[in-house]
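This is what each chain is made of:
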Amino acid sequence: IRNLDDLEHLISSFPSGKQMNVRYVRYSDPINEVLRSIEIDHKWFMTERCSLDKKNGFWPCKPIEEIKVSKNTKKQSTTLIDYLDARKNKISASLVHVNFDIPYPLAGIMDKHYYGTGLVVDSEKGLVIIDRNTVPISMGDVKLTFAGSLQIPGRVEYIHPIHNIVLLSYDVDLIGSTPVQSAEFNVEKIDEGDEVWLFGLKSDHQLYSQKTNVSSIDPLMLPSSLSFRDTNIEVINLTNAPDEIVGVLSDENGLIRAMWTSFSYRSRGESYQINRGIHAELISDFIDSFVKEESLYSLELELNYIPLFAARKLGLSDDWISRFESQKENKQRMLVVKNVIAGSPIIDEIKSGDMILTINGSLIGSYRDFEVAIQEKHPRLEIWRDKDKIEIFASTSELNGNSIDEAIFWAGAHIHKPHRALSQRGIESKGVYVAFNNYGSPATRYGLSAGLSVIEVDDTPISNLIDFKESIRSKKISDTIKLGTLSWNGSKNVITMKLNNRYWPAYEIKKNGYEWNRAVIK
């Protein structure tokens, strides 16, 4: 590469997805060369060449067009390591290394590169389970690596809107005769003290195994955030578990008792993660619901456990206390409403502090009981408030696994529909959400910051992305625009912004099936 002409000619001759070896030197170390393999990407990012126009001082750009080729991925096979331990052979045949690259910060997700250990749950259909800390949103590129040798592309099938699990898929023809096996589950109840085996893949793709014990099973309590946060779930803690390994927990026969997953959260502006186990019964139920194409319903409540003595202090009658004490798995506790998620269909009927007694006549003693019982449109609830029992015929929300399936990039801001994490934070779903702004853009200069919602454009109300797209479509290169915004704490503000469509043009990226299409908004 001698100049920009050489570089343009080379890039224009490679299709999107093509691997290219690059040799370069750093200014900090000009003697030693560095060799890297990079992937050409025309899908998420346009390639342009800009030259100074000395007459007007602008830098007009012309796109470097992508060469179009047929997408025939080569079919390959690999072998698995033969271990002396039969349990290792069984588990390793179901583990796959997952890489996920996010092109743009969206939905409170700032990092761009993730990796973790996935579990093949159907080798015939090519289905893989992974956690949401590895695949936090659907917009991005999935790569699956089998046996540390064979890497193929994957697809995001379904992101669980409530829990820390994602279903991926891959084309089974691309791995040829690689001896991948579907994992088998043991959905029996797991207890404190149970002996389990932790399996996962290290960063160098080598198998990790450790014999350990379940130390406790506790409710997961994570701080509020503007990104995904799991709620209403009990998770498994292990004795002396490693921080850097995620994967599965198996029994002595190699049956999966739980996924050992990474939960991400933010606190005081910093990102953290903890590893905890999700019981196989929840995972297996999720897979079955996906295969059967069943809907997922939610009352959009955040719950807590309280001990029965506390419920008695809050006025619960002795009769109901006795009924909870007589449960088969008596843990001397019950569920109470912690928060009502913004936009919940029963926000006017349920209050924080309400105690959940029954759903459709069945006593509710756990998070899992509650989640299973509300999988219909209109469940009947009995709750206790103050000193009275109240009956409610509730309406549930039907949730989907699409995550963020469309985004608009305008004036340097990344904009999409409000995501569920905002409602969990108590932010009402209004307008469109600003997830990020690029430095040097009009959005940064005029204060259209991440975390704001745009609810008006030039005094016209904005309800969704369609409204917003139509409101900006006719704006010229240097027009001035007035935006009505709403912050996370409910305060309204007006921003007057001068556009710069020459360097920050508007475009959208939208999901169509498994493909993402990019189009300029004109």
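Described below are features of the structure shown in this document. (Residues numbered from 1 in each chain as written. Predicted model: local features only at pLDDT ≥ 70, side-chain atom pairs only at ≥ 80, totals over all residues. Heavy atoms only, no water.)

### Comments concerning the nonpolar core
Buried together is how nonpolar side chains tend to be arranged in soluble globular proteins. In terms of nonpolar packing, the biggest core is built from 39 residues, with M139, L144, F146, L168 and Y170 touching the most fellow members. With sequence-adjacent residues up to four places away left out, F146 is seen in contact with T78, V96, V120, I152, Y170, I175 and V180. (Core = buried A, V, L, I, M, F, W, Y, C linked by side-chain atoms within 4.5 Å. Buried < 20%, exposed > 50% of the residue type's maximum accessible area, 1.4 Å probe, protein only. Contact = heavy atoms within 4.5 Å.)

### Observations regarding the sheet that holds strand β8 (residues 141-146)
Pairing is antiparallel in the closed barrel, where six strands are placed in the order β5-β6-β7-β10-β9-β8. The mean inter-strand angle of the sheet, taken between neighbouring strand axes irrespective of direction, is 40 degrees. Pairing geometry for strand β6 (residues 113-122) and strand β7 (residues 127-130), over three bridges, is antiparallel. Residue pairing for β7: L119 is matched across the bridge by I129. Along the sheet face, helix α3 (residues 280-291) touches β6, β7, β9 (150-159) and β10 (166-169) and points at about 140 degrees away from the line of β7. (Pairing = 2+ DSSP bridges. Helix = DSSP H or I, 4+ residues; strand = E, 2+ residues; numbered from the N terminus. Axes fitted to C-alpha atoms, helices over the stretch in contact; angles between N-to-C directions.)

### Here's the deal with the pairing of strand β5 (residues 95-101)
Of all seven residues making up β5, five are buried, and the element is well covered by its neighbours. As defined by bridge partners, β5 adjoins β6 across seven bridges and the pair is classed as antiparallel. Across the sheet, the residue bridging to H97 is T117, located in β6.

### Digging into the pairing of β6
Among the ten residues of β6, eight are classified as buried, and the element is accordingly described as predominantly covered. Between the antiparallel neighbours β6 and β7 lie four residues, among them G126 with a positive phi of about 70 degrees.

### Thoughts on the side chain of S366
With respect to the secondary-structure elements, S366 resides in the loop between β21 (362-363) and α6 (367-373). A polar atom in the side chain of S366 sits 3.1 Å from the backbone nitrogen of D369. Setting aside residues no more than four positions away along its own chain, S366 makes contact with E234, Y305 and L335. (Polar contact = N/O pair within 3.5 Å; in protein donor to acceptor, adjacent residues only side chain to side chain.)

### Remarks on the state of the cysteines
Using the criterion set out here, one finds one disulfide in the structure. Between the sulfur atoms of C50 and its disulfide mate C61 the distance is 2.0 Å. Residues C50 and C61 are joined through a disulfide that is right-handed, its torsion about the S-S bond being 100 degrees. Here the residue C50 occupies a position in strand β3 (residues 48-50), and C61 occupies one in strand β4 (residues 61-63), the gap between them amounting to eleven residues. Since its relative accessible area comes to 33%, C50 is described here as partly exposed. (Disulfide = S-S within 2.5 Å.)

### Some thoughts on the environment of E157
Within the element layout of this structure, E157 appears in strand β9. When the C-alpha positions of E157 and G513 are compared, they lie 9.9 Å apart, and in sequence the two are 356 residues distant. Apart from the residues within four sequence positions on either side, E157 is in contact with L167, L168, S169, F290 and Y514. A distance of 2.4 Å separates polar atoms of two side chains, one belonging to E157 and the other to Y514.

### Quick notes on the environment of Y83
Counting through the fold element by element, Y83 comes out in the loop between β4 and α2 (86-92). For the pair formed by Y83 and R380, sequence separation is 297 residues and the distance between their alpha carbons is 53 Å. Not counting chain neighbours up to four residues away, the residues in contact with Y83 comprise K88, N89, S92 and L207.

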